[in-house]
Amino acid sequence: QQRLTTLGITAPHAPGPLLYLEVAGDSGQWQAALARRSLRVVTSACGRDPAEPVTRLRLQLTALHEPAQLDQLAESIARLNDSSRLCVPLLQPVEA
């Protein structure tokens with residue numbers, strides 16, 4: 001959560017090892033884009049309007065994840081947030 005917040009991504013508080021992020025865009029596009037970065041993230045479509053798809057990213061973190069891996073994940077999500085390849089604004093920036 002802290003890594004995402006420092007990159008301008010709003011991450012809801014998660015009391016346990018699971019972190020859910022809801023993002024705009026197609027779940028298949030998100031999953032493929034993260035897979036190209038060697039990141040396996042569970043995604044699911046959760047929007048009701050096909051014209052504005054919403055995807056939920058399910059991140060399961062453990063004590064076995066190294067800080068470098070968490071940095072790679074957070075940076076990849078932030079880059080995809082700014083990516084024109086997915087054709088939509090993905091996440092809301094953190095308000096200052």
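Our structure's up above, just so we're on the same page.
Remember, it's a predicted structure, so these values are computed and weren't measured experimentally.

Colleague: Explanation requested: the overall build of the protein chain in the structure shown.
Modeller: Scanning the protein chain from N- to C-terminus turns up 3 helices and 3 strands. Each helix (α) and strand (β) of the protein chain, taken in turn from the N terminus, gives the series α-β-α-β-β-α. Within the protein chain, buried positions represent 31% of all 96 residues. The long-range share in the protein chain, meaning contacts at least 24 apart out of those at least 6 apart in sequence, stands at 62%.

Colleague: What's the story with the sheet that holds strand β1 (residues 18–24) in this structure? I'm lost.
Modeller: The strands making up a sheet associate through backbone hydrogen bonding, with each pair oriented either parallel or antiparallel. On the basis of which strands lie adjacent, the open sheet formed by 3 strands has the order β1-β3-β2 and antiparallel pairing. In this open sheet, the two strands that pair with only one neighbour each are β1 and β2 (42–45). Taken over all neighbouring pairs, the strand axes of this sheet differ in orientation by 25° on average, direction set aside. The strands touched by helix α2 (residues 27–35) within the sheet are β1, β2 and β3 (54–60), with β2 carrying the most contacts at an inclination of about 165°.

Colleague: Mind showing me how you'd approach the packing of α2 against helix α3 (residues 67–81) here?
Modeller: In a packed pair of helices, the relevant descriptors are the angle between the two axes and the axis-to-axis distance. Interhelical geometry of α2 versus α3 gives an angle of 130° and a closest axis separation of 11 Å. Judged by the inter-axis angle, α2 sits oblique to α3. Handedness of the crossing formed by α2 with α3: right-handed. Only Ser76, Ile77 and Leu80 of α3 make contact with α2, whose side of the interface consists of Trp30, Ala33 and Leu34. The class makeup of the residues in the contact of α2 with α3 is 5 nonpolar, 1 polar and no charged.

Parameters and conventions
Residues numbered from 1 in each chain as written. Predicted model: local features only at pLDDT ≥ 70, side-chain atom pairs only at ≥ 80, totals over all residues. Heavy atoms only, no water. Helix = DSSP H or I, 4+ residues; strand = E, 2+ residues; numbered from the N terminus. Buried < 20%, exposed > 50% of the residue type's maximum accessible area, 1.4 Å probe, protein only. Contact = heavy atoms within 4.5 Å. Pairing = 2+ DSSP bridges. Axes fitted to C-alpha atoms, helices over the stretch in contact; angles between N-to-C directions. Parallel < 35°, antiparallel > 145°, perpendicular 65-115°, else oblique. Left-handed = near helix turned anticlockwise from the far one by under 90°. Nonpolar A, V, L, I, M, F, W, Y, C, P; charged D, E, K, R; others polar.

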